[in-house]
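One-letter residues, chain by chain:
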Amino acid sequence: MAGRPGMYRGDRRRKEDARKAKQEAKKARKAERNETGKRGPEMGEAAEAFGQGEMEWVWFSPSKGRTLTTSSAEAPLVPGIDDWTLVSGPPAQQS
């Protein structure tokens, strides 16, 4: 069993090297974004880009501990679940 501790140190060293490499890559990406001034989309733009700007209602069933998202204001029809509670609806439209 004399060889085992060396393997463990090698594993730790490899993991640490991988962590450092990942951290350096992250720093490089962040520095590049700062130099170019490039940023991600604003919150509203991101939702529209991913098709999340539509009307959505979120329902919760206390008896099943389950949530469900629908595209209509009507409670979902799921066999065996009849206690749906509306948790959230679509955002208010801004004028």
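Conventions used here
Residues numbered from 1 in each chain as written. Predicted model: local features only at pLDDT ≥ 70, side-chain atom pairs only at ≥ 80, totals over all residues. Heavy atoms only, no water. Pairing = 2+ DSSP bridges. Helix = DSSP H or I, 4+ residues; strand = E, 2+ residues; numbered from the N terminus. Axes fitted to C-alpha atoms, helices over the stretch in contact; angles between N-to-C directions. Buried < 20%, exposed > 50% of the residue type's maximum accessible area, 1.4 Å probe, protein only. Contact = heavy atoms within 4.5 Å.

Some remarks on the sheet that holds strand 3 (residues 85–88)
Sheet strands pair by backbone hydrogen bonding; their relative direction is either parallel or antiparallel. The strand order 2-1-3 describes an open sheet built from 3 strands, whose pairing is antiparallel. Pairing within the sheet leaves two strands with one partner each, and these edge strands are strand 2 (66–70) and strand 3. Direction aside, the axes of adjacent strands within the sheet are offset by 35 degrees on average. Direction of pairing for strand 1 (residues 57–61) relative to strand 3: antiparallel, over a ladder of 3 bridges. Paired with tryptophan 59 across the strands is leucine 86, a residue of strand 3.

What about the side chain of serine 61?
Here serine 61 lies in strand 1. Assessed through its relative accessible area of 0%, serine 61 is described here as buried. Setting aside residues no more than four positions away along its own chain, serine 61 makes contact with Arg66, Ile81, Asp83 and Trp84.

Geometric descriptors of this kind do not, in isolation, establish any biological role.
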